[in-house]
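# Examining the three-dimensional arrangement
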Amino acid sequence: MINENQELTYRTDVVGILVGMVVGGLVGAVTMLLLAPQSGKRTRIQIQEKGIELRDRATGIVEDAVAQARLNGNKFARDGRRKANELLHQGQNLVAEQVEYVTDAVKAGKKAIQSS
């Protein structure tokens, strides 16, 4: 259980870092463009181009993160189902053993009553 929580925290941290990098890159690019010595029209075109580029990169990062989250979700679901099946079988075996013990005890009780 601790490992799953650590993995979840790790993934959350990685996503936060990626988002921070994208936002930082966007802020840095906009600042660079605004402080660059060129015409306003050229600066606006450059901002638009960089915005499109960053949007595409951010979209790719988000799509990758979503795909990874889906894969991890599927893995957790498979592992959960496997563990549930293991526990079910263990429970069934335990019940079968207990039924056998009770049956043996009832037979021994009947035998003791009949022989007395």
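Residues numbered from 1 in each chain as written. Predicted model: local features only at pLDDT ≥ 70, side-chain atom pairs only at ≥ 80, totals over all residues. Heavy atoms only, no water.

## Examining the overall build of the chain
Put simply, the test is: Under the DSSP-based scheme used, a helix requires at least four consecutive residues in state H or I and a strand at least two consecutive residues in state E, with every element numbered from the N terminus. Exposure classes here rest on a 1.4 Å probe applied to the protein chains alone. A residue is buried below 20% of its type maximum, exposed above 50%, and partly exposed in between. Per-residue and other accessible areas were derived by the Shrake-Rupley procedure at a 1.4 Å probe size, with only the shown protein chains allowed to occlude residues.
Assigned secondary structure in the chain consists of two helices and zero strands. Within the chain, the fraction of its 116 residues that count as buried is 5%. Accessible surface computed for the chain: about 9600 Å², of which carbon and sulfur atoms make up 63%.

## Digging into the side chain of glutamine 46
Our working rule: By definition in these notes, contact holds between two residues if any of their heavy atoms fall within 4.5 Å.
Structurally, glutamine 46 is set in helix α2 (residues 40-115). For glutamine 46, a relative accessible area of 19% translates into the label buried. Beyond its immediate chain neighbours, meaning those up to four positions away, glutamine 46 contacts Leu33 and Gln38.

## Re the pattern of salt bridges
Worth spelling out the cut-off: Every case where a carboxyl oxygen of Asp or Glu lies within 4 Å of a side-chain nitrogen of Lys or Arg is listed as a salt bridge.
Per the counting criterion, the structure on display carries six salt bridges. Here aspartate 79 and lysine 75 are joined by a salt bridge, their closest N and O atoms 3.3 Å apart. Placement of the pair is aspartate 79 and lysine 75 together in helix α2, with a separation of four residues, close to one helical turn. Glutamate 86 is paired through a salt bridge with arginine 82; the nearest N and O atoms lie 2.9 Å apart. One end of the pair, glutamate 86, and the other, arginine 82, are both in helix α2, four residues apart, so they sit about a helical turn from each other.

## Side note on α2
Applied cut-off: Under the convention used throughout, the expected extent of a helix is 1.5 Å for every residue step, that is, one less than its residue count.
The end-to-end C-alpha distance of α2 is 109 Å, a good match for the 112 Å that 76 residues give at a rise of 1.5 Å each. For α2, the complete set of buried residues consists of Thr43, Gln46, Leu54 and Asn72.

## A word on the environment of leucine 18
Relative to the elements of secondary structure, leucine 18 occurs in helix α1 (residues 2-35). Distance in space between the C-alpha atoms of leucine 18 and valine 62 is 9.2 Å, their sequence separation being 44 residues.

By themselves, these observations are geometric and do not establish any function.
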